[in-house]
Amino acid sequence: AAGVIQSPRHLIKEKRETATLKCYPIPRHDTVYWYQQGPGQDPQFLISFYEKMQSDKGSIPDRFSAQQFSDYHSELNMSSLELGDSALYFCASSKGRSVLTEAFFGQGTRLTVV
Amino acid sequence: GNSVTQMEGPVTLSEEAFLTINCTYTATGYPSLFWYVQYPGEGLQLLLKATKADDKGSNKGFEATYRKETTSFHLEKGSVQVSDSAVYFCALSLSTSGTYKYIFGTGTRLKVLA
């Protein structure tokens, strides 16, 4: 079965550079969530989209932006990178807006800022 | 506010021991409850879920019961294996003001020794 695809899997950037993370949800899933997981930390919610519109916003820095495109894939753009942005970034997708449906997670993009 | 609290790890057990990982939650409304498992270097995988009070989720020998009276969703397994070594996250999904989100606990690392 198709899963959530994230690219790239690993990314190394220098401070003050820009990074773009991509997420391709499971086909026919209309909701995308982005999470940031620091070393040894629990996943922290960044932002979510439903039907290409921003649905909810969590602890996402102003330096970050995201959008969901017409084909439902999503991109997380991160500018002026800081060392503290080094983390595993997860994308998850679900179908419909319901507390009953589980989110399916991608394998994550590991971002290292040096 | 809405939150999930898990017992701290690491939890170290011998093979075939009984496992309990405690999870309690605070939420408005009627959340669904989930356990996700994260193996080293991988994304979060849904282990089991329960969508209403007294529901029991089960999968791969793991069980958890949605206890509304104690706001708990403890994970149990009768006989753990080395391959169960991973980080386990308790999570809830809820709807607030028309938005939907997942809230995760801090994760509990399980180490099973042969």
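Our subject is the structure listed above.
What you see is a predicted model; the values in this text were computed from it and never measured.

How each quantity is defined
Residues numbered from 1 in each chain as written. Chains lettered and ligands numbered in written order. Predicted model: local features only at pLDDT ≥ 70, side-chain atom pairs only at ≥ 80, totals over all residues. Heavy atoms only, no water. Contact = heavy atoms within 4.5 Å. Buried area = accessible area lost by both parts, 1.4 Å probe. Salt bridge = Lys/Arg side-chain N within 4 Å of Asp/Glu carboxyl O. Polar contact = N/O pair within 3.5 Å; in protein donor to acceptor, adjacent residues only side chain to side chain. Helix = DSSP H or I, 4+ residues; strand = E, 2+ residues; numbered from the N terminus. Buried < 20%, exposed > 50% of the residue type's maximum accessible area, 1.4 Å probe, protein only. Pairing = 2+ DSSP bridges. Core = buried A, V, L, I, M, F, W, Y, C linked by side-chain atoms within 4.5 Å. Disulfide = S-S within 2.5 Å.

Each partner contributes residues to the interface: chain B has 24 residues there, and chain A has 22 residues. In this assembly, chain B packs against chain A so that about 1900 Å² is buried in total across both faces, 54% of it on carbon and sulfur atoms. When the area that chain B buries against chain A is broken down by residue, the three leading residues are Tyr100, Tyr102 and Phe104 of chain B, summing to 34%. At the boundary of chain B with chain A, the tally comes to 1 salt bridge. The salt bridge involving Glu102 of chain A is made with Lys49 of chain B; its shortest N-O contact spans 2.7 Å. Joining chain B to chain A, the criterion identifies 5 residue pairs in polar contact (both at pLDDT 80 or more). At the level of secondary structure, the elements contributing two or more residues to the side of chain B that touches chain A comprise strand 5 (32–38), strand 6 (44–50), strand 10 (86–96) and strand 11 (99–104) of chain B.

With that out of the way, let us pick up the pairing of strand 9 (residues 87–94) of chain A. A regular strand places its side chains so that they alternate between the two faces of the sheet. All names here are of chain A. In terms of burial, strand 9 is a largely internal element, 8 of the 8 residues being buried. Relative to strand 9, strand 4 (residues 31–37) is paired through 7 bridges, and the arrangement is antiparallel. Bridge pairing in strand 9 places Trp34 opposite Cys91. Summarising the sheet, strand 9 and strand 11 (residues 109–113) pair through 3 bridges and their orientation is antiparallel. Paired with Tyr89 across the two strands is Thr109, which belongs to strand 11. Examined bridge by bridge, strand 9 and strand 10 (residues 104–105) share 2 bridges and lie antiparallel to one another. Bridging across to strand 10, Ser93 finds its partner in Phe104.

What follows deals with unusual backbone geometry. The omega torsion across Ser7 of chain A and Pro8 of chain A is -10 degrees, close enough to zero to call that bond cis. Going from Gly9 of chain B to Pro10 of chain B, the amide bond is cis rather than trans, its omega being 0 degrees. For Pro10 of chain B, the location among the structural elements is in the loop between strand 1 (3–6) and strand 2 (11–14). At Arg16 of chain A, a position not held by glycine, the phi torsion is positive, near 75 degrees.

All names here are of chain A. One pass over the structure, following the stated rule, counts 6 salt bridges over all chains. Here Arg63 ties to Glu82 by a salt bridge, and the two come within 3.4 Å at their closest N and O atoms. Of this pair, Arg63 sits in the loop between strand 6 (53–57) and strand 7 (64–68) while Glu82 sits in the loop between strand 8 (74–78) and strand 9, and the two are 19 residues apart along the sequence. Classification of Arg63 by relative accessible area gives partly exposed; the value is 21%. Salt bridges linked by common partners bring Arg63, Glu82 and Asp85 together as one network.

Membership of the largest hydrophobic core comes to 28 residues, with the highest contact counts inside it found for Leu19, Trp35, Leu47, Leu48, Phe73, Leu75 and Tyr88 of chain B. Looking at this core, the elements with two or more residues in it are strand 2, strand 3 (19–21), strand 4 (23–26), strand 5, strand 6, strand 8 (62–65), strand 10 and strand 12 (108–113) of chain B. If one sorts the elements of this core by residue count, strand 10 of chain B sits on top with 5 residues. Discounting chain neighbours no more than four positions away, the residues touching Leu48 of chain B are Leu33, Phe34, Trp35, Gly57, Ser58, Asn59, Phe62, Glu63, Ala64, Phe73 and Leu75 of chain B. In terms of nonpolar packing, the next biggest core, distinct from the first, is built from 22 residues, Val4, Leu11, Trp34 and Ile47 of chain A among them.

Turning our eyes to something else, we now look at the environment of Gly38 of chain A. Topologically, Gly38 of chain A is positioned in the loop between strand 4 and strand 5 (44–50). Residues Gly38 of chain A and Ser86 of chain A, 48 residues apart in the sequence, show an inter-C-alpha distance of 7.1 Å.

All names here are of chain B. Scanning all chains against the criterion turns up 2 disulfides over all chains. Through a disulfide, Cys23 is tied to Cys90; the S-S separation comes to 1.9 Å. Between Cys23 and Cys90 the disulfide shows an S-S torsion of about -70 degrees. By sign, it is left-handed. With Cys23 in strand 4 and Cys90 in strand 10, this pair connects stretches of sequence that are 67 residues apart.

Read these as spatial facts, not as claims about activity.
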